[in-house]
Amino acid sequence: MKKILSIVIISISCIFNTAYGQKGQKKLSHYVNPNIGTAHSRWFFYTPAAMPFGLAKLGPSTNAHYGNEQGWEATGYDDRDTSIEGFACLHEFQVGGIVLAPSVGKLQTIPGTLENPDEGYRSRFDRKDEYATSGYYSVLLKDYNIKAELTATKRVGFQRYTFPKSTESHIIFDIGNRQGESGAVKESKVMMTEDGRIEGYVITNPEYVKKYQAGAEVAMYFSAVVDKKPKNFGVFNKQETQASKKEISGIGAGLYLTFDTKENEAITVKVGLSYTSIANARLNLDSEAKNTNFDKAKKEALSTWNEYLGRITVEGKNETDKIKFYTGLYHALLGRGLYNDVNGAYPMNNGQIGQIPLNSNGTPKHNCYNTDAIWGGFWNLTQLWALAYPDYYADWVQGQLLVYKDAGWLGDGLANSKYVSGVGTNFTGLAIASAYNSGIQNFDVALGYEAALKNEIAWKDRIEGAGKMDVKQFIEHGYSPQIEDIGFNTITEGSGFSASHTLEYSYSAFAVAQFAKSLGKTQDYDQLIKLSKGWKLLYDKETKFIRPKYANGKFVDNFDPSQPWRGFQEGNAWQYTFYVPHDIEELVETLGKDTFNDRLENIFEASQKNVFGGGTKIDAFAGLSGFYNHGNQPNLHISWLFNFSGKPYLTQKWVHAICDEFYGTEGIHGYGYGQDEDQGQLGSWYVMSSIGLFDVKGLTEINPSYQISSPLFDKVSIKLPKSLNRKDFTIQVTNNSKKNIYLQEVRFNDTDLNKLKISLDDIKKGGIIKMVVDEKPGQKWSN
């Protein structure tokens, strides 16, 4: 057993408990608790030491070296674990690596196991000795009496270790081993330069890259500066060490530094990171952090986070709701981070290095971002971006178009420009169309339209990474044919997810049709709007469900609307029958208003008993067979549909219930129980729904609007930087409480609203919505 000094634990624990003691009003970052929902969380989920949308994303790992077999499973940090193996600098969808770890005593070069931490450099820790917020992380590594702290600039990671007195204090750079979603390591190298820098790289083969762009790879580079010269150093490969050697290559490559340390002596490592080269990692370090120490970087990180979080401020008596809100907003701003360097260099899809055009001051005209699939992102992320972060949305669009220019197709998910679709479909064209219709138009509109249109209707030489491999069938027949026994695959003849693909393609065709209409592309509009009606070909009048069809036009036999994975990706017919967001009025008419409302209300009443998803089972797919599954993207608009069916008070009821019951503030019950928070999607849904604004149609209409419900808060203020040319927008709620959730009056700029909606343009112009709520449903907007 590794020994500890209890007096040090007590003193450092006291520091943790008082370091962020409040002086006056709380900063918004104090409401952020990254540990919420960390049981069974994804690799990119727990990275507290990062900037909004940054490249450097640092966090502790409890099980990262275990990897994951298929590329999507939970790995990295788990609330149920009690030991930490190291601190990785890069956490992104399908991207991960550059691990540092401190220790004292016998040098160890493998991480050991959760079952037996003493087998490696892993250390036990207590949650009471851990602190995490947006931009900063600290923990006491009990087995070594080392306080570890992390923070970051956009492209530079800071790791500071406070050691006990020892002649055997070590810092290792574990570079050449699999980390989280990174996939298997292809090659790696680490070296100590003549001037004492530690530099190197690792190249990996992520599972989703292998599936969607076979032969491609992901490279990560670093250049690190340590603020103390070691007394000894060496390299290692797994358990084999070579003292005094400065360089090693190959799978498992690593380097160690050994120091004499005084009691409570701190050693800081600054790690410049890049996806293009060691030289650019060095440039990123020198440009962002050459004269910056840990405390200054931490202060700037916290300040930046508070600025970004502060674009939406909420006020109210319920502190728990504020914690949920700002933690959700943090996740929305954390995911989908930079992958270009400070000089505009970026990794191209073909493996070469590209160059983003520069402004007159030498900075890139835009950035590019890694991203999980935008699947479902229109019901959370993109409408939040349009509302409060239009500058990021514009950047995101231009980054996507950069890959389109390089490789010829939009990518739904990207890992350093490599295609990682994830779900085999592609909603990037919809997101570009929504940006345009939301007034975000500072991109090459002609190129954006070309890319979006191609994504909807082109199939010749379509590549796996662009998804929608069955789009030819959709264009020619109006629906994707069901093919049994092909598993999760999609081929040119159809798909095992034919029904959900038909619904998705219908919706995205509608979105790009509006883009076409805005640009006067009449012929394209006519074709796309016809395709948007494809969902009607799969509506079964007998069962009143969306039902998969074979290529011969017959509905599938032995149909079970509760069965997931047969015709429906990550869901079933109960859930997907409501997936007609662009034609929701016609869907209500098709089902009949009474049938629509009765079925929807019964669904929520039944699902509430199962925490609106998978119950308390810790599994990302636990709710796929249920009536409603808030833990997965296809369902996220459904609670808002009562606004279209004459019973908006039921939207108010169920949105509040989901916010209060599905979302929690614990490690296990955070976003459901072990549900899959895809880079801010569930967090963004809470943000939008809790302030009472949401668009079922995902901002795809010309002059899009948000539907209105009752906020959880007494006051909501949206205030953007002056450079974005938006006026302040405020929501004020009178008589608000956990019982008083039903709207009675809604006035915008002193005018009564006869419909529960407000255009994005009106929000941009600024003003005040005043609401009055009560505990009894209001009938004012019912019909």
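**Q** Quick one: what's the story with the side chain of R124, residue by residue and with numbers?
**A** Looking at where R124 falls in the secondary structure, it is placed in strand β6 (residues 123-124). Within the local environment of R124, its side chain forms a polar contact with the side chain of D118, the two groups lying 3.0 Å apart.

**Q** Run through the packing of aromatic side chains, naming residues and quoting values.
**A** Scanning the entire structure with this criterion turns up 57 aromatic pairs. Plain terms: the ring middles of Y161 and F163 are 6.3 Å apart, the flat faces sit at 75 degrees to each other, and that makes the pair edge-to-face. Here the two residues Y161 and F163 agree in accessibility, since each one is buried. Taking 5.3 Å as the distance between ring centres and 90 degrees as the angle between the ring planes, the aromatic pair formed by Y449 and F515 counts as edge-to-face. Here Y449 is found in helix α9 (residues 445-457), whereas its partner F515 is found in helix α11 (residues 498-518), with 66 residues between them in sequence.

**Q** Any details on the sheet that holds strand β15 (residues 232-237)? Residues and values, ideally.
**A** The strands making up a sheet are joined through hydrogen bonds of the backbone, oriented either antiparallel or parallel. Here 8 strands make up an open sheet; going across it, the order is β1-β2-β4-β5-β11-β18-β15-β16 and the pairing antiparallel. Edge positions in the sheet fall to β1 (49-50) and β16 (240-243), since each has one partner strand and no second.

**Q** Which residues make up the confidence of the model for the protein chain, and what are the values?
**A** Across the protein chain, the average pLDDT comes to 95, with 97% of residues at 70 or higher. Note on residues 3-23: pLDDT is under 50 here. Beyond four places in sequence and across chains, it has 33 contacts.

**Q** Explain the pairing of strand β35 (residues 742-748) to me, and be specific about the residues and the numbers.
**A** Here β35 runs beside strand β38 (residues 767-774); their pairing, made up of 6 bridges, is antiparallel. Residue pairing for β38: L743 is matched across the bridge by V773. Alignment of β35 against strand β36 (residues 751-752), held across 2 bridges, turns out to be antiparallel. Of the residues in β36, the one forming a bridge with F748 is T751. Remark: 2 residues form the turn of the hairpin made by β35 and β36, two consecutive strands paired antiparallel; N749 in that turn has positive phi of roughly 50 degrees.

**Q** Explain the environment of D129 to me, using residue names and the numbers behind them.
**A** Mapped onto the elements, D129 comes out in the loop between β6 and β7 (130-133). Residues D129 and K147 lie 18 residues apart in sequence; the distance between their C-alpha atoms is 9.2 Å. A distance of 3.4 Å separates the side chain of D129 from the side chain of K128, its partner in a polar contact.

**Q** Explain the packing of helix α14 (residues 584-591) against helix α15 (residues 593-608) residue by residue, including any values.
**A** At a minimum axis separation of 5 Å, α14 and α15 run at an interaxial angle of 100 degrees. Classed by the angle they form, the pair α14 and α15 counts as roughly perpendicular. Two secondary-structure elements touch here, α14 through I584, L587, V588 and L591 and α15 through K593, T595, F596 and R599. Looking at side-chain class alone, the contact of α14 with α15 contains 5 nonpolar, 1 polar and 2 charged residues.

Analysis parameters
Residues numbered from 1 in each chain as written. Predicted model: local features only at pLDDT ≥ 70, side-chain atom pairs only at ≥ 80, totals over all residues. Heavy atoms only, no water. Helix = DSSP H or I, 4+ residues; strand = E, 2+ residues; numbered from the N terminus. Polar contact = N/O pair within 3.5 Å; in protein donor to acceptor, adjacent residues only side chain to side chain. Phe/Tyr/Trp six-rings, centres within 6.5 Å; stacked < 30°, edge-to-face > 60°. Buried < 20%, exposed > 50% of the residue type's maximum accessible area, 1.4 Å probe, protein only. Pairing = 2+ DSSP bridges. pLDDT = per-residue confidence, 0-100. Contact = heavy atoms within 4.5 Å. Axes fitted to C-alpha atoms, helices over the stretch in contact; angles between N-to-C directions. Parallel < 35°, antiparallel > 145°, perpendicular 65-115°, else oblique. Nonpolar A, V, L, I, M, F, W, Y, C, P; charged D, E, K, R; others polar.

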